[in-house]
Amino acid sequence: MTNLAESIQINYGICTTCGACVKACPNNIIQRDDDASPIVHPGPECISCGHCIAICPSGAMTIPQETEKAGFADAAILARHLRSRRSIRLWKDSPVTKEECEELIRITAHAPSGCNIHPVKWVVVNEPAKVKAFVAASAELLRQVPKDNRMYGLAAGMLRKLDAGNDILCRNAPALLIAVANPKEDLGLVDSIISLTYADVYAPSIGLGTCWAGFVMILLGVFPPLEKILGIPEGYKAQFALLAGHPQYAFTQIPPRDMPEIFWT
Ligand SMILES: Cc1cc2nc3c(=O)[nH]c(=O)nc-3n(C[C@H](O)[C@H](O)[C@H](O)COP(=O)(O)O)c2cc1C
Ligand code: SF4
Ligand code: SF4
């Protein structure tokens, strides 16, 4: 994204000099003039977070791009949505379209990101045959793990299931969405997990189901050739992945969960 501070416009005719933009800027790029009017000092410190224009109550501070009105879901509706989220492992026999994948990924652009850098990119495998080919290639690599390797026990266990037709890796999902980042990005993993969580939580609202692909990540860490099979671009590393598809069943009840323990200090 271009540096937002460079394109901020202020309509001093309607600015009330309330100072909200000055206080909201995390990097103190906006200061007050002698008459209390806000002045933007563009520079590399602007992280393009948009808080200044987003907080302005009078609409005096704007950018050329169109912005959307902010708003939150009702607490009861959102809490039920969050409690209803489930890991999906049973799918309809239908591929996930490019448009569905894009809709899921589009929402992740609004996830928090350290210094608003947004280092997360996506690798999408939405051809069911390619997911199956990945599972088959994984099985062959697992078969080659020698008995004296520390991975042998896990490999043998996974292989037994795969050979018996139990796709423990991808759960027969028709699609795999992988968050990738340049390994030099300090917050690549954290930002990826947050972005994947946004996608995970949003998925049911667009008719998709997801499941965190922990076994896929274990194998990607052990067998580098698998990254090539998935098409992870040069210079990027898979951070974590979601299985995705259209759920075969709807969960009608919310299973109980314990309240997390809190250490009040
Ligand atoms: C891993 C992580 C670390 C962050 N650390 C800080 C921080 O130390 N101080 C801070 O003011 N904001 C921090 N943020 C907030 C980001 O700066 C913020 O998400 C980003 O500017 C985008 O703004 P938004 O969250 O309002 O969309 C952090 C965000 C993430 C995801
Ligand atoms: S976009 Fe963010 S960092 Fe840049 S001037 Fe506005 S509030 Fe400050
Ligand atoms: S938030 Fe808007 S109204 Fe308030 S000082 Fe900044 S530009 Fe003016």
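Heads up: the structure comes first, above all this text.
Note that the structure is predicted; figures quoted are calculated from it, not measured.

Parameters and conventions
Residues numbered from 1 in each chain as written. Chains lettered and ligands numbered in written order. Predicted model: local features only at pLDDT ≥ 70, side-chain atom pairs only at ≥ 80, totals over all residues. Heavy atoms only, no water. Axes fitted to C-alpha atoms, helices over the stretch in contact; angles between N-to-C directions. Helix = DSSP H or I, 4+ residues; strand = E, 2+ residues; numbered from the N terminus. Parallel < 35°, antiparallel > 145°, perpendicular 65-115°, else oblique. Left-handed = near helix turned anticlockwise from the far one by under 90°. Contact = heavy atoms within 4.5 Å. Near = heavy atom within 4 Å. Polar contact = N/O pair within 3.5 Å; in protein donor to acceptor, adjacent residues only side chain to side chain. Areas by Shrake-Rupley, 256 points an atom, 1.4 Å probe, with all protein chains shown as cover. Nonpolar A, V, L, I, M, F, W, Y, C, P; charged D, E, K, R; others polar. Patch = residues over 30% accessible without salt bridge, like charges linked within 9 Å, V, L, I, M, F, W, Y side chains within 5 Å. Salt bridge = Lys/Arg side-chain N within 4 Å of Asp/Glu carboxyl O.

Viewed as axis vectors pointing N to C, helix α5 (residues 128-143) and helix α6 (residues 152-163) meet at an angle of 135 degrees, and their least axial separation amounts to 9 Å. With respect to their mutual orientation, α5 and α6 come out oblique. When the axes of α5 and α6 are compared, the crossing they make is left-handed. Two secondary-structure elements touch here, α5 through Val 135, Ala 139, Leu 142 and Arg 143 and α6 through Ala 155, Met 158, Leu 159, Leu 162 and Asp 163.

Moving on to the site of ligand 1. Close contacts around ligand 1 come from Ile 47, Cys 49, His 51, Pro 112, Ser 113, Gly 114, Cys 115, Asn 116, Val 190, Asp 191 and Ile 194, and that covers them all. The backbone of Ser 113 places a nitrogen or oxygen atom 3.1 Å from an oxygen atom of ligand 1. Considering ligand 1 on its own, with 610 Å² of exposed area, one finds that the protein chains cover 50% of that surface. By residue number, the principal contributor to the shell around ligand 1 is helix α7 (residues 188-202), which donates three residues. When its residues are assigned to classes, the shell around ligand 1 shows six nonpolar, four polar and one charged.

Glancing now at a nonpolar patch on the surface. A cluster of nonpolar side chains, namely Leu 154, Phe 215, Ile 218 and Val 222, defines an oily patch on the protein surface of about 270 Å² accessible area. For the nonpolar patch, the leading source of residues is helix α8 (residues 214-222), giving three residues. Among the structural elements, Phe 215 can be located in helix α8.

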